[in-house]
Amino acid sequence: MFDKLIKYSLRSFKRQRAYIIINILGLSIGISCSLLIALYVINEASYDQYNVKKDRIFRTILNGKIGGQEITTSSSPAIMGPTMVKEFPEIEDFLRMNGRGPTVIEYNNQTFTEDHIIEADSSFFNFFSIPVIKGDRQSLLNAPHKVVLSESTAKKIFGGENPIDKQVKIGSDTARYIVTGIMADIPQNSHFEANALTSFMTNSRSKDLTWMNNSFSTYFLLKPNSTYKTVDAKYPELLQKYVGPEIQKYTGISLNDFIAQGNKYRFYLQNLSDIHLDTSVQQDFKASVDPKYLKIFGSIAILIVLIAAINFMNLSTAQASRRAKEVGIKKVAGSTRSMLAFQFLSESFILSFIALIVAIIFIKLSLPYFNNLLGANLKLSLFASWIIIPLLILFSLFVGILAGSYPALFLSSFNPYEVLKGSAKNSMQNGSLRRVLVVFQFAVSILLIVGTMIMYRQIKYMLNKDLGFKKEQLIVINRAEALGKKMKSFKETVKNIPGVVNISSSTAIPGRTNNNNGYMMEGRKDETFLMATSWVDYNFLDTYGMTLDSGRSFNESYTSDKDACIINESAYKNFKITNIEKTRFMEPSDSGKLNYLPIIGVVKNFNFESLRNPISPYVLKFQNDNMLWGYITVRLSGQNYSKTISAIEDKWKEFVSNNPLQYYFLDADFELMYKQEKQNAQMAVIFSILAIFIAALGLFGLTSFTVEQRTKEIGVRKAMGSSVTGIYLVISREVFILVSVSALISWPLVYYWAGKWLENFYYKINVGFFTLVIGLAVALGIAVLTISYRIFIAARVNPAQSLKYE
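All values derive from a computational prediction rather than experimental measurement.

Rules behind the numbers
Residues numbered from 1 in each chain as written. Predicted model: local features only at pLDDT ≥ 70, side-chain atom pairs only at ≥ 80, totals over all residues. Heavy atoms only, no water. Helix = DSSP H or I, 4+ residues; strand = E, 2+ residues; numbered from the N terminus. Buried < 20%, exposed > 50% of the residue type's maximum accessible area, 1.4 Å probe, protein only. Contact = heavy atoms within 4.5 Å. Areas by Shrake-Rupley, 256 points an atom, 1.4 Å probe, with all protein chains shown as cover. Pairing = 2+ DSSP bridges. Core = buried A, V, L, I, M, F, W, Y, C linked by side-chain atoms within 4.5 Å. Salt bridge = Lys/Arg side-chain N within 4 Å of Asp/Glu carboxyl O. Phe/Tyr/Trp six-rings, centres within 6.5 Å; stacked < 30°, edge-to-face > 60°. Bend = angle between axes of the 7 residues up to and from the residue. Patch = residues over 30% accessible without salt bridge, like charges linked within 9 Å, V, L, I, M, F, W, Y side chains within 5 Å. Axes fitted to C-alpha atoms, helices over the stretch in contact; angles between N-to-C directions. Parallel < 35°, antiparallel > 145°, perpendicular 65-115°, else oblique. Left-handed = near helix turned anticlockwise from the far one by under 90°. Nonpolar A, V, L, I, M, F, W, Y, C, P; charged D, E, K, R; others polar. Expected span 1.5 Å × (residues − 1). Arc of directions from axis to C-beta.

S.K.: For this particular structure, what's the right way to read the overall build of the protein?
M.R.: The helix and strand inventory of the protein stands at 24 helices and 24 strands. Within the protein, buried positions represent 51% of all 806 residues. Considering only contacts within the protein whose residues lie at least 6 apart along the sequence, 80% involve residues at least 24 apart. Accessible area of the protein: about 36400 Å², with a carbon and sulfur share of 56%.

This is the structure we're talking about:
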């Protein structure tokens, strides 16, 4: 009997071709969206999971607060690792890592620029499960000037040559590095990127014994059965022993007194698996991903599947009158309700399975686009594990049950006597539930439309906000240290190039802050003040177009300016400075004596970080001739960029041979700060369009059914003199009401959720009522476009034909 029912279901498909196509299309879009989002969420949540020892690997996090300014960073002192391995029996090994930034590798007079080079201890391969292709795993980085190349980098530099024991020049280091090994390329789902590893002990600061010089990432491998909580509990004693004396030396107060004043200085451990999804920590390597976005897109996936399932329910129940006689006859012939329910469920299973196949094809075709959009490497590997295909089939069955359970119960419940008599028709056409489901669909659609609009408005606001400096027409040259002692001569030469307005050097630039230092203030020795710090030359403020609120900039006419500083408005206000001429900051020197820094000016606040953060205190100190690292910024005139940049490149080659010029436009670099927001907004747009399309498909199907059911009514109205417009308004009125109700339901939700999302940004837009109205207008416009064609076609039919219908 069941076989016959399934065969009958297949025959019934042919009679309902249009509705079946709409259902398959809706379900396939819903399934493909949910699977794409699932791939994205799984990829982001699986960072560093390839490491065999991941549960035992922890990174040290510093949480400090000085003078009201709090910072949480993955930086720690070089001495921490060796000390803790000796004193903490729970720790098996330590690893220090330090990113070098874009660096030039030279071999056989050929240069190769590598963006991701990391200095690492020899224990690196004991921590991370990176296969070593060539070389002795235990001795790869155990001496200065050793380098391990990734497989792809080795091929790029050496081609078919064997790289082992070859010598290369890296950066501005005069000593050559020996290639000791080749490793497999670092997996993309790792929290760091590295095309090459150099031995950490090559860095002169690797032997720094200062505990308050936090410059490196330190990882610990705990012994089996040891817990991170045990180590965390021992940190306070460690700080008292090593950090306390330094605080006493530099500030004149004990660590306990320092903390009693409201300051913080603590370390704690973070598990390797938690790094990628923790946005509260300033990362040294890859930017972390906000888990809120994973929750948002996970919710969108569920909503889109629900919209697709609701389409199926609506269209199936709307066709109840078409299949009522079929149900009645089968019941009279002896079919039970359970048999009929099984038939209708089997139909939904078949449709869902076909939709799954269509969805997989769609995903295979669209994955390259999504990977390009996200900068990811998502893959749908159906045979990577035996469980994948069974899971997809189960998901398809779940969607089939979700979409088909109510229609199956509804259709199988008809009373055969009433159906065959025709008295059940009116109750079948009662569409209260269908109206509720349509309201839900469009409420979700409006929520997605308005949410996407708010995301784009916020991104536009961040990109166009006045940052306190002029970021346009600025190019930034990396690796100023390549010039060495020639930096001053290079700046003077470039300034004379036509098209160059100004040029400046600095150790940090807006968007790339690399120093946070603590200072004291004369007359307020019991207080400590934390400020982002950059060393700049005489032309920095003019080159960036920054404005002074009071005082003056650095001036060559004043020799004392080399020991002075300029602070921003936040420092002036937060530290309650009343007179800059009578205020001097103090900082400890290597000799233990205090250096005094008179304040000569206050620069108006400028955004040196993302607009997610408020502007914190910032200090500009003078860059003396011995500070030969950082950046060179060139302001261009705006005319013939390519010619001017080409001239700068020529001058660079004259000063630095075999070391290519690396530069970028500052405004483009600032946009990269919001790369994650832009990617997520683009994804939201795509899924919003697809969700609205699914809802529109359902609305089109329902409108078609409604027009069929009201064909005779339309004919009567036309015969009585009603116009096409009048008929259109009568039939479409309900749709307008339903969409408007959807908006009223979605508005409070989107206002709440948008407000929660905007909490991530210190500088943000207001949601605004106008945005909510636009969302309603867009939804109404889509609804009108969806139903208009079908209604107008029906309204223009000759009333004589309409009255013959049925």
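S.K.: Even after reading the chapter, I still don't get the pairing of strand 20 (residues 584-588), so can you show me in this structure?
M.R.: For a regular strand, side chains alternate in direction, first toward one face of the sheet and then toward the other. Strand direction decides the pairing type here: strand 16 (residues 516-521) and strand 20, joined by two bridges, are antiparallel. Residue Met521 lies in a different strand from strand 20, and its bridge partner there is Phe585. Sheet topology note: the strand 20/strand 21 (residues 594-603) ladder contains five bridges and is antiparallel. Bridge pairing in strand 21 links Glu587 to Asn595.

S.K.: What is the right way to read the nonpolar core from this model?
M.R.: In summary, soluble globular proteins display a tendency toward joint burial of nonpolar side chains. Grouped together as the largest cluster of nonpolar side chains are 119 residues, with contacts concentrated most on Tyr544, Leu666 and Phe687. Here this core gets 13 residues from one element, more than from any other, and that element is helix 2 (residues 17-45).

S.K.: Teacher, can you tell me more about the pattern of salt bridges here?
M.R.: Where charged atoms of side chains with opposite charge meet at close range, the side chains can pair. Inspection of every chain in the model, using the stated rule, returns 18 salt bridges. The residue Lys155 makes a salt bridge to Glu151 at a minimum N-O spacing of 4.0 Å. One end of the pair, Lys155, and the other, Glu151, are both in helix 5 (residues 151-158), four residues apart, so they sit about a helical turn from each other. Under the relative-accessibility criterion, Lys155 is labelled exposed at 54%. What makes Glu151 partly exposed here is its relative accessible area of 32%.

S.K.: Would you mind showing me how to read the packing of aromatic side chains here?
M.R.: For any pair of aromatic rings, geometry is given as the distance between the ring centres together with the angle between the planes. One pass over the structure, following the stated rule, counts 37 aromatic pairs. Between Phe606 and Tyr618 the ring centres are 5.3 Å apart and the planes differ by 65°, which places this aromatic pair in the edge-to-face class. Of this pair, Phe606 sits in the loop between strand 21 and strand 22 (618-622) while Tyr618 sits in strand 22, placing them 12 residues apart in sequence. Judged by its relative accessible area of 3%, Tyr618 is buried. With a centroid separation of 5.6 Å and an interplanar angle of 70°, the aromatic rings of Trp747 and Phe769 are classed as edge-to-face.

S.K.: Honestly, helix 6 (residues 228-251) in this entry has me stumped. Any pointers?
M.R.: Because an α-helix completes one turn every 3.6 residues, residues spaced three or four positions apart along the sequence face the same direction. The largest bend in helix 6 amounts to roughly 45° and is located at Val243, with the proline Pro245 lying one to four residues further along. After helix 6 finishes, the residue Gly252 shows a positive phi value of roughly 85°.

S.K.: Sorry if this is basic, but what is going on with the environment of Lys241 here?
M.R.: Looking at the element boundaries, Lys241 is found in helix 6. By relative accessible area, which is 47% here, Lys241 ends up partly exposed. Between the alpha carbons of Lys241 and Leu255 there is a distance of 10.0 Å; along the sequence they are 14 residues apart.

S.K.: Would you mind going over a nonpolar patch on the surface with me for this structure?
M.R.: Taken together, Phe353, Ile357, Ile361, Leu365, Phe383, Trp386, Ile387, Ile389, Leu391, Ile393, Leu394 and Leu397 make up a surface patch of nonpolar side chains, about 1300 Å² in accessible area. A total of five residues in the nonpolar patch trace back to one element, the largest contributor, which is helix 11 (residues 388-411). With respect to the helices and strands, the residue Ile361 is situated in helix 10 (residues 337-374).

S.K.: Where do I start with the side chain of His276 in this structure?
M.R.: If you trace the backbone, His276 turns up in the loop between strand 13 (264-271) and helix 8 (291-318). Once you skip the residues sitting within four places of it in the chain, His276 turns out to touch Glu44, Tyr47, Ala287, Ser288 and Val289.

S.K.: Got a minute to help me understand the packing of helix 14 (residues 432-464) against helix 22 (residues 724-758) in this structure?
M.R.: Helices that pack against each other are described as a pair by the angle of their axes relative to one another and the distance between those axes. Running from amino to carboxyl end, helix 14 crosses helix 22 at an angle of 40°, the nearest separation of the two axes being 7 Å. In this view, helix 14 runs oblique relative to helix 22, as classed from their interaxial angle. Considering only the axes of helix 14 and helix 22, their crossing is right-handed. For the contact of helix 14 with helix 22, a count of residues per class yields 21 nonpolar, four polar and two charged.

S.K.: Teacher, can you tell me more about the pairing of strand 11 (residues 196-199) here?
M.R.: What you see with strand 11 is no split at all: Ala196 and Thr198 on one side and Leu197 and Ser199 on the other are buried throughout. Alignment of strand 6 (residues 117-120) against strand 11, held across four bridges, turns out to be parallel. Directly across from Ile118, in strand 11, lies its bridge partner Leu197. Summarising the sheet, strand 8 (residues 146-150) and strand 11 pair through three bridges and their orientation is antiparallel. The residue bridging Leu149 from the neighbouring strand is Ala196, located in strand 11.

S.K.: Help me understand the packing of helix 15 (residues 487-495) against helix 18 (residues 641-655) in this model?
M.R.: Where helix 15 meets helix 18, the closest approach of the two axes is 10 Å, and the angle between their N-to-C directions is 150°. One element, helix 15, and the other, helix 18, form an angle in the roughly antiparallel class. Where helix 15 crosses over helix 18, the two elements pack in a sense that is right-handed. Only Ile648, Lys651, Trp652 and Phe655 of helix 18 make contact with helix 15, whose side of the interface consists of Ser489, Phe490, Thr493 and Val494. Taken together, the residues of the contact of helix 15 with helix 18 break down into five nonpolar, two polar and one charged.

S.K.: How should I be thinking about the environment of Cys565 in this particular structure?
M.R.: Within the element layout of this structure, Cys565 appears in strand 19 (residues 565-568). C-alpha of Cys565 to C-alpha of Ser553: the two residues are 12 residues apart in sequence and 9.0 Å apart in space. Setting aside residues up to four positions removed in sequence, Cys565 forms contacts with Phe554, Phe585, Leu597, Pro598, Ile599, Ile600, Gly601, Val619, Leu620 and Lys621.

S.K.: Is there a simple way to explain helix 18 in this structure?
M.R.: Between its first and last C-alpha atoms helix 18 spans 21 Å; for 15 residues at 1.5 Å apiece the expected length is 21 Å, and the two agree. Where helix 18 is concerned, the buried positions are Thr644, Ile645, Ile648, Trp652 and Phe655. Here the buried residues of helix 18 occupy an arc of 95° about the axis, which is enough to place them on one side. For helix 18, exposure combined with an orientation more than 90 degrees from the buried face picks out Ser642, Lys643, Lys653 and Glu654. Buried-residue contacts for helix 18 involve strand 14 (474-477), helix 15, strand 15 (500-506), strand 23 (631-636) and strand 24 (663-665).

S.K.: Before we go on, may I ask you to explain unusual backbone geometry in this structure?
M.R.: Leaving glycine out, the prevailing phi sign among residues is negative, and the prevailing peptide bond configuration is trans. We note that Asn108 has phi near 55°; this positive angle belongs to a residue other than glycine. For Asn108, the position within the fold is in the loop between strand 4 (103-107) and strand 5 (110-114). Backbone geometry places Gln473, a non-glycine residue, at a positive phi of 65°. Structurally, the position occupied by Gln473 is in the loop between helix 14 and strand 14.

S.K.: Please clarify how the environment of Pro82 should be interpreted in this entry.
M.R.: By the secondary structure assignment, Pro82 is in helix 3 (residues 80-87). Between the C-alpha atom of Pro82 and that of Leu95, which follows or precedes it by 13 residues, the distance is 9.1 Å. With residues up to four places along the chain from it excluded, the contact list for Pro82 reads Phe94 and Arg96.

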